[in-house]
Amino acid sequence: ATPMSVMVGVGRGAQEGVLIKNAEVLEVMENVDTIVVDKTGTLTQGRPELTAIKVYGDWQEADIIKFAAAVEAQSEHPLAQAIVRRAKHDGLSVCEATNFDSITGGGVHASVDGRQVLIGKADLLADRKIDGVDAGREQAAAQQSEGATVVFVAIDNALAATLAITDPIKESTPAALLTLHELGLRVVMLTGDAEPTAKAVAAKLGIDEFHAGVSPEEKHEFVRKLKSSGKTVAMCGDGINDAPALAAADVGIAMGTGTGVAIESAGVTLVGGDLRGVAAAANLSRKTMSNIR
Ligand code: ADP
Ligand code: MG
């Protein structure tokens, strides 16, 4: 039977916006020593804005936004929403994309108006032998070193544009990280985003360990390895790409603002996506377990 104080603990968590799935989660949370966090949507607001467009070839900026928005309309990724919102904001009519295909942690592809449109990270486009990716990378570097995510757009196998997308850090994130560090927890950031972008965000937040260009499988693998080295790991994430790692962690912590798949894979959900809930959960667990003993 579940001890009364655990039920009380779960109830108290709920009041603070920390939804704990079951008693076991609250018990394990006490022993967590390492917090693995995703960047986009977890540390950042996850409501990114398209702030700069660099066009390659003969395209017009409006064409790029139309093509990109047509494809991204079918994606759940926060970056996709930035592009779709921009098209709406600019009052552009966006046609329907067909043959949509999503490469989790890489990008998206579809046919639009008889053209092949591929959108995603530089490495994905390079893998698909798109022309002009290197020129785009050079242009992207300065924006990335300021923390922007740069998304590459190819139309019919040639680079057509780079889109700089900025996603501000959540207001609550710095305080959340400070508290986690005060609790003696080690924080590691994993992101599918590019190295210079990850470096800029990590520096801003005082995160000393981060890994960039990490695929969903690698996030999962990273958590698994930490566990087999004897660590007790909580993984915080919001996306489909985080779901395998959330499920593999000792405690999976999903942002309530994230996708359903992430929430289903996690033992804890933070209402409103407030990362301060991680420290709250750790404190609650410590208190509850010491009450039982
Ligand atoms: P994160 O770990 O930061 O949440 P993801 O693993 O979801 O990032 O994505 C990694 C990278 O893949 C992104 O930075 C972006 O360049 C690219 N990407 C993924 N999905 C999309 C999409 N729908 N549209 C454009 N680019 C995408
Ligand atoms: Mg994310």
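Residues numbered from 1 in each chain as written. Chains lettered and ligands numbered in written order. Predicted model: local features only at pLDDT ≥ 70, side-chain atom pairs only at ≥ 80, totals over all residues.

**Notes on the domain arrangement of the protein chain**
Domain boundaries in the protein chain define domain 1 (4-45 + 169-292) and domain 2 (49-166). The centre of domain 1, based on its C-alpha atoms, is set 30 Å off from the matching centre of domain 2. Each partner contributes residues to the interface: domain 1 has 15 residues there, and domain 2 has twelve residues. Sorting elements by how many residues they give to the side of domain 1 that touches domain 2 places helix α8 (residues 195-205) first, with five residues. Looking at the side of domain 1 that touches domain 2 residue by residue, the classes come out as six nonpolar, seven polar and two charged. (Domains from an automatic or database assignment. Contact = placed C-beta atoms within 7 Å. Helix = DSSP H or I, 4+ residues; strand = E, 2+ residues; numbered from the N terminus. Nonpolar A, V, L, I, M, F, W, Y, C, P; charged D, E, K, R; others polar.)

**Considering the environment of Gly-106**
By the element assignment, Gly-106 lies in the loop between β4 (98-103) and β5 (107-112). Residue class for Gly-106 comes out buried when judged on the 20 C-beta atoms lying within 10 Å of it. Through-space distance from the C-alpha of Gly-106 to that of Leu-125 is 9.1 Å; in sequence the pair is 19 residues apart. Once residues lying within four places of it in the same chain are set aside, the contact partners of Gly-106 are Gly-120, Lys-121 and Leu-124. (Buried ≥ 20, exposed ≤ 12 C-beta atoms within 10 Å, placed from the backbone.)

**Notes on the site of ligand 1**
Around ligand 1, the surrounding shell holds 22 residues, and the nearest of these are Thr-40, His-77, Gly-105, Lys-121 and Gly-192. Split by residue class, the shell around ligand 1 holds five nonpolar, twelve polar and five charged. Inspection of the shell around ligand 1 shows a minimum of three residues originating in each of domain 1 (4-45 + 169-292) and domain 2 (49-166). (Near = placed C-beta within 6 Å.)

**Examining helix α1 (residues 4-15)**
Relative to the 16 Å expected for twelve residues at 1.5 Å per residue, α1 spans 17 Å between its end C-alpha atoms, a close match to the ideal helical length. Three or more residues of α1 are buried, namely Val-6, Gly-9, Val-10 and Gly-13. Take α1 and look down its axis: the buried residues cluster within an arc of 95°, on one side only. Exposed side chains of α1 directed beyond 90 degrees from the buried face belong to Met-4, Gly-11, Ala-14 and Gln-15. Where α1 is buried, its residues touch β1 (18-20), α2 (23-29) and α12 (276-292). (Expected span 1.5 Å × (residues − 1). Arc of directions from axis to C-beta.)

**Focus: the packing of helix α3 (residues 61-72) against helix α4 (residues 78-89)**
Any two packed helices are characterised by the angle at which their axes cross and by the distance between the axes. At a closest axis distance of 8 Å, the pairing of α3 and α4 adopts a crossing angle of 130°. Between α3 and α4, the interaxial angle falls into the category oblique. Here α3 and α4 pass one another in a crossing that is left-handed. Together, Ile-65, Lys-66, Ala-68, Ala-69 and Glu-72 of α3 and Ala-80, Ile-83, Val-84, Arg-86 and Ala-87 of α4 make up the contact between the two elements. Partitioned by chemical class, the residues of the contact of α3 with α4 number seven nonpolar, no polar and three charged. (Axes fitted to C-alpha atoms, helices over the stretch in contact; angles between N-to-C directions. Parallel < 35°, antiparallel > 145°, perpendicular 65-115°, else oblique. Left-handed = near helix turned anticlockwise from the far one by under 90°.)

**Here's the deal with the sheet that holds strand β6 (residues 115-120)**
Strand order in this open sheet of six strands is β3-β8-β7-β6-β5-β4, and the pairing throughout is antiparallel. Since the sheet does not close on itself, it has two edges, and those belong to β3 (49-55) and β4, each with one partner. Taking the axes of each pair of neighbouring strands and ignoring which way they run, one obtains an average angle of 20° across the sheet. As paired elements, β3 and strand β8 (residues 158-166) share six bridges and run antiparallel to each other. (Pairing = 2+ DSSP bridges.)

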